[in-house]
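The residues making up each chain are set out below.
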Amino acid sequence: MLEQGMSVPAVTLTDADGVDFALDAYQGKPLVVYFYPKADTPGCTNEAKDFAALADDFAAAGVPIVGICKDKPAKLKKFADKYGLRVILASDESGAACEAFGTWVEKSLYGRQYMGIERATFLIGADGAIRRVWPKVKVKGHAAEVLEAVQAL
């Protein structure tokens, strides 16, 4: 997994409207990027709703929020519309961003091993360097903790 001080990799994603964009397009301003396993599941929904609820505070600090998973853009669009999410949801169908950030990991559930996305958040500085990493995120209170770190920049 990427660590504090490392540079954000050049990756291209597709937003919920099917438009491609590169993370380095945000160079020059801070950015929050969070990875989550699957849209419209309980933990991922709560995390997205928590970030969306604080979207005005993040915007006031000049920091966009990008949530990334491997779901198709159409599913992300339904997810965003269903819950009124005001964050950028991005599809990483190829897994390139997950691999580059180190969030595509081996997981275990009921003794079964499989590959999946580890819930993690990255605070990226205006210079493109990672300022803080939250690996293995627990959803409750996480968005507020990230906002505190953003406001401390």
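Relevant structure appears above.
Residues numbered from 1 in each chain as written. Predicted model: local features only at pLDDT ≥ 70, side-chain atom pairs only at ≥ 80, totals over all residues. Heavy atoms only, no water.

Explain the pairing of strand S7 (residues 112–117) here, please?
Side-chain direction in a regular strand flips from residue to residue, so the side chains alternate between the two faces of the sheet. Pairing of strand S6 (residues 104–109) with S7 involves six bridges; the strand directions are antiparallel. Directly across from Glu106, in S7, lies its bridge partner Met115. Between the antiparallel neighbours S6 and S7 lie two residues, among them Tyr110 with a positive phi of about 50°. (Pairing = 2+ DSSP bridges. Helix = DSSP H or I, 4+ residues; strand = E, 2+ residues; numbered from the N terminus.)

Sorry, what's going on with the pattern of salt bridges here?
If the charged atoms of two oppositely charged side chains come close together, the side chains can form a pair. According to the stated counting rule, one finds nine salt bridges in the structure shown. Lys38 serves as the salt-bridge partner of Asp71, at 3.9 Å between the closest nitrogen and oxygen. In this pair, Asp71 sits in the loop between strand S4 (65–69) and helix H3 (73–83) while Lys38 sits in the loop between strand S3 (31–35) and helix H1 (42–53), placing the two residues 33 residues apart along the sequence. Relative accessible area serves as the criterion here: at 40%, Lys38 is assigned to the partly exposed category. Among the salt bridges present, the one from Arg119 reaches Glu47, with a minimum N-O distance of 2.7 Å. (Salt bridge = Lys/Arg side-chain N within 4 Å of Asp/Glu carboxyl O. Buried < 20%, exposed > 50% of the residue type's maximum accessible area, 1.4 Å probe, protein only.)

I tried to follow the sheet that holds strand S8 (residues 120–124) on my own but got confused; where do I start?
The pairing of strands in a sheet happens through backbone hydrogen bonds and is either parallel or antiparallel. Taken together, the seven strands give an open sheet; going across it, the order is S2-S1-S5-S4-S3-S8-S9, and neighbouring strands pair in mixed fashion. Both edges of this open sheet fall to strand S2 (20–22) and strand S9 (130–134), since each of them pairs with a single strand only. Between one strand and the next, the sheet's axes are offset by a mean angle of 30°, whatever the strand orientation. Along the sheet face, H1 touches S3, S4 and S8 and points at about 165° away from the line of S3. Here H3 sits on the sheet in contact with strand S1 (12–15), S4 and strand S5 (88–91), set at roughly 160° to S5. (Axes fitted to C-alpha atoms, helices over the stretch in contact; angles between N-to-C directions. Contact = heavy atoms within 4.5 Å.)

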